[in-house]
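Given next are the chains, with one letter for each unit.
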Amino acid sequence: MKTIVANFKMNPTSEKEAVSLLENYQKNYENFKNVNLIIAPPFVYLDKAKNLNFSLAAQNCFYLNEGPYTGEISPLMLKNLGVQYVIVGHSERRQMGETDEIINKKIQSILNNELTPILCIGETKEEKLKGKKEEVLKNQLEKDLKLENNLSPVNKSIFIAYEPVWAIGTGDFCDPEEANLTHQFIKEFIHYQFFNFDVKILYGGSVDSKNIKNFLNQLNIDGALVGGASIKKEEIAKILEIANSY
Ligand code: PGA
């Protein structure tokens, strides 16, 4: 079964539109149950989606469970709301100053709360052109996933989203065969540390209904993290129908 993560990002701007979008997912999902569907709306709409039949992800969280941290949302709050997944380290957040150290704290806290992290990693165009892709990915994985020795999460599940920064929101997606090789590299690299975890690797970056099949056909691609296309109703039905056929 393939996984589709729908990352709405900071969209849509009204509750009415959000509910309409979520209901559209619900309607389509009835017909395409052979997909692990995870919807990541903005925090303010999570509550509207909690009784629907797909899984829910938050787009971010803080690394402590409660206290004087104005404006933050904790993993425990998300868990208590029924959220199962949290996207961490998206490049749009890294560009705003989120460091590997912060991302690592969030990963530990998410696992401690028995939630599943969806860790985003990826290289910039410049790093790719300089032949540094694997070095960059290795560095992010090492720093972001460094777990404390005493951490033994009950829910031993982790998702990695390989998202080349240059492919996000640009229409310039990665060649699927190249993405497959990169996923293989990621799998082999983290296998040693996470051999007793269920590790799934998703591709993200300008995925739409026209190119998704070429990604899902690849052996090491367990699914897709879809941004822009995930808020277009005409794309949603097509993407789910294709993912359902695996
Ligand atoms: P995109 O975004 O599909 O619009 O490129 C992917 C993502 O969530 O990073």
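What you see is a predicted model, and the numbers here were worked out from it, not measured in a lab.

The rules we used
- Residues numbered from 1 in each chain as written.
- Predicted model: local features only at pLDDT ≥ 70, side-chain atom pairs only at ≥ 80, totals over all residues.
- Heavy atoms only, no water.
- Helix = DSSP H or I, 4+ residues; strand = E, 2+ residues; numbered from the N terminus.
- Expected span 1.5 Å × (residues − 1).
- Buried < 20%, exposed > 50% of the residue type's maximum accessible area, 1.4 Å probe, protein only.
- Contact = heavy atoms within 4.5 Å.
- Core = buried A, V, L, I, M, F, W, Y, C linked by side-chain atoms within 4.5 Å.
- Polar contact = N/O pair within 3.5 Å; in protein donor to acceptor, adjacent residues only side chain to side chain.
- Near = heavy atom within 4 Å.
- 1 Å grid on protein atoms, 1.4 Å probe; cavity = no way out; pocket = protein on both sides within 12 Å on 5 of 7 lines; lining within 4 Å.
- Sits in = over half its atoms within 2 Å of the grid points.
- Nonpolar A, V, L, I, M, F, W, Y, C, P; charged D, E, K, R; others polar.
- Points joined across faces, edges and corners; volume = space filled by probe spheres on them.

Chemist: Even after reading the chapter, I still don't get helix H5 (residues 100–112), so can you show me in this structure?
Modeler: The periodicity of an α-helix, 3.6 residues per turn, causes residues three or four positions apart to be oriented the same way. Taking 1.5 Å of rise per residue, 13 residues should cover 18 Å, and H5 covers 18 Å from first to last C-alpha, within 8% of that figure. Among the residues of H5, those classed as buried are Asp100, Ile103, Asn104, Lys106, Ile107, Gln108, Ser109, Ile110 and Leu111. Looking at the buried positions of H5, the neighbouring elements they touch are helix H3 (75–81), strand E4 (85–88), helix H4 (91–94), strand E5 (116–121), helix H7 (133–144) and strand E6 (157–162). Positive backbone phi, approximately 60°, marks Glu114, located one or two places after H5.

Chemist: Hey, could you run me through the nonpolar core in this one?
Modeler: The nonpolar side chains of soluble globular proteins are, as a tendency, buried together. Counting residues in each nonpolar core, the largest one holds 60 residues, and the members touching the most others are Phe54 and Ile186. Tallying contributions element by element places helix H10 (residues 233–244) first for this core, with five residues. Apart from the residues within four sequence positions on either side, Ile186 is in contact with Ile121, Leu137, Leu141, Ile160, Tyr162 and Ile201. If you look at the next biggest cluster of nonpolar residues, it comprises twelve residues, including Ala57, Ile118, Ala161 and Leu202.

Chemist: Sorry, what's going on with the side chain of Asn60 here?
Modeler: Structurally, Asn60 can be placed in the loop between strand E3 (55–58) and H3. At a separation of 2.8 Å, a polar atom in the side chain of Asn60 contacts the side chain of Lys106. Once residues lying within four places of it in the same chain are set aside, the contact partners of Asn60 are Phe43, Leu78, Val86, Ile87, Arg93, Glu98 and Lys106.

Chemist: Any chance you could explain the environment of Phe189 here in plain terms?
Modeler: Take Phe189: it is sitting in helix H8 (residues 176–191). On a C-alpha basis, the gap between Phe189 and Glu142 in space is 9.3 Å, while along the polypeptide they are 47 residues apart. With residues near it in sequence (within four places) discarded, Phe189 still touches Lys138, Leu141 and Glu142.

Chemist: It is not clear to me how the site of the ligand should be interpreted in this structure. Could you clarify?
Modeler: The environment of the ligand is made up of 13 residues, and the closest members are His90, Gly169, Ser206, Gly227 and Gly228. Because more than half of its atoms lie within 2 Å of the grid, the ligand is assigned to the second largest pocket. Among the residues forming the shell around the ligand, the class breakdown is four nonpolar, seven polar and two charged.

Chemist: Even after reading the chapter, I still don't get the layout of surface pockets, so can you show me in this structure?
Modeler: Here the idea is plain: a probe the size of a water molecule rolls over the atoms and shows the empty space left. Roughly 350 Å³ of internal volume is contained in the largest pocket. Listing elements by their share of the lining of the largest pocket, those giving two or more residues are helix H2 (43–49) and H4. Taken together, the residues that form the lining of the largest pocket break down as seven nonpolar, four polar and three charged. Looking at the second largest pocket, its volume works out to about 290 Å³. What lines the second largest pocket is a set of 22 residues, among which Ser206, Val207, Gly227, Gly228 and Ala229 lie closest to the centre.

All we've got here are geometric facts, nothing functional implied.
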